[in-house]
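An overview of the molecular structure
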Amino acid sequence: MNRKQLIEQIKIKKSFLCVGLDTDIELIPKFLLDFEDPVLEFNKRIIDATHDLCVAYKPNSAFYESRGIAGWKSLIDTSNYIPETCLGIIDAKRGDIGNTSTMYAKAFFDHASSGMSFDAITIAPYMGSDSVKPFLAFEDKWVILLALTSNEGGKDFQFIDTENGRLFENVIQKANSWAGNDRMMYVVGATRAEEFLNIRKFAPDHFLLVPGVGAQGGSLQEVCKYGLSESCGLLVNSSRSIIFASSGEDFAERAREEAKKLQSEMEILLEEIGF
Ligand SMILES: O=c1ccn([C@@H]2O[C@H](COP(=O)(O)O)[C@@H](O)[C@H]2O)c(=O)[nH]1
């Protein structure tokens, strides 16, 4: 899905919600354990219940990799179930020397090779340009670079002063020369709402992937106050607060209700900026 198509979906659905598929097999409803692939069954029902309310799904690879072969199979089958009207983001936080990054890119982007063809992948910027460029070599795919993360420890390095501002500002400025806003997004945590105005100076109309609303306590209103751009420019992720809203048989309906609450707020916020 390219930038134009993503913006179209935001307009159609009046939503910039990303549903995180952090599907912890220990937390899914017990009746699903009777299915051949309980995680896939859970994900399919979540997707069926929410796809008209969100524009992206973001499985976090840790929840799948941790289950070995069965987990990879759940991830592959989930990736193929994400509808075309939603951006498929794999939250894998990769990045390595060039030839290794190429293999990571093939793993998540090249369907003929791995069975998966996500639209976007999260990447750690620490190893620099040659660790990121192999992902950009895949046409029409997005890199989502970690800039200012939602966790407390993000301050350890990301706020270090450099001659070009704080490290996360430096990351954004540098990465802007690797690709335009049609191929590059940045991760900015909802728990850092006070930084959005500043970040928009460096990335005025880039999409920002914003985790941290819901279980981590970030505020959608605060993020949007300074983070919305003229093309919307936000994909706000919530994982646990949606997918684990209930541990009973009604989990998909309850997930829909939680997604609907966020989508309804987003609809008002988009209207306010005339989007
Ligand atoms: O800075 C970051 C980067 C990534 N994440 C990921 O987003 C989701 C958040 O899940 P919630 O349940 O909504 O808290 C999860 O996959 C994280 O690994 C992040 O939280 N912060």
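Residues numbered from 1 in each chain as written. Predicted model: local features only at pLDDT ≥ 70, side-chain atom pairs only at ≥ 80, totals over all residues.

As annotated in an unreviewed UniProt entry, the protein chain is Orotidine-5'-phosphate decarboxylase from Daejeonella rubra. Within the UniProt record for the protein chain, the comment given under Sequence similarities (unreviewed entry) is "Belongs to the OMP decarboxylase family. Type 2 subfamily." Regarding the protein chain, the relevant UniProt record gives this comment under Pathway (unreviewed entry): "Pyrimidine metabolism; UMP biosynthesis via de novo pathway; UMP from orotate: step 2/2." (UniProt positions renumbered as here; feature names shortened; annotations may be inferred.)

A short note on helix H7 (residues 129-136)
When H7 is considered as a whole, its buried residues turn out to be Ser131, Val132, Pro134 and Phe135. Taken down its axis, H7 places every buried residue within 150 degrees of arc, on the same side. Buried-residue contacts for H7 involve helix H5 (98-109), strand E4 (120-123) and strand E5 (142-148). (Buried ≥ 20, exposed ≤ 12 C-beta atoms within 10 Å, placed from the backbone. Helix = DSSP H or I, 4+ residues; strand = E, 2+ residues; numbered from the N terminus. Arc of directions from axis to C-beta. Contact = placed C-beta atoms within 7 Å.)

So, the sheet that holds strand E10 (residues 234-238)
Overall, parallel pairing links the eight strands, which are arranged E1-E2-E3-E4-E5-E8-E9-E10 in a closed barrel. Across the sheet, the mean angle separating the axes of adjacent strands is 30 degrees when strand polarity is ignored. Pairing analysis gives four bridges linking E4 to E5, with the strands arranged parallel. Its bridge partner lying in E5, Ile121 is registered against Val143. (Pairing = 2+ DSSP bridges. Axes fitted to C-alpha atoms, helices over the stretch in contact; angles between N-to-C directions.)

Topic: the environment of Arg200
In this fold, Arg200 is placed in helix H10 (residues 196-202). Arg200 sits 33 residues away from Gly233 along the chain, and the two C-alpha atoms are 9.8 Å apart. Residues in contact with Arg200, not counting those within four places in the same chain, are Tyr226 and Ser229.

A look at unusual backbone geometry
Positive phi, normally seen in glycine, also occurs at Asp140, with a value near 65 degrees. Mapped onto the fold, Asp140 is located in the loop between H7 and E5. Backbone geometry places Cys232, a non-glycine residue, at a positive phi of 80 degrees. Summarising the element assignment, Cys232 is placed in the loop between helix H11 (220-227) and E10. The exposure class of Cys232 is buried, given the 23 C-beta atoms found within 10 Å.

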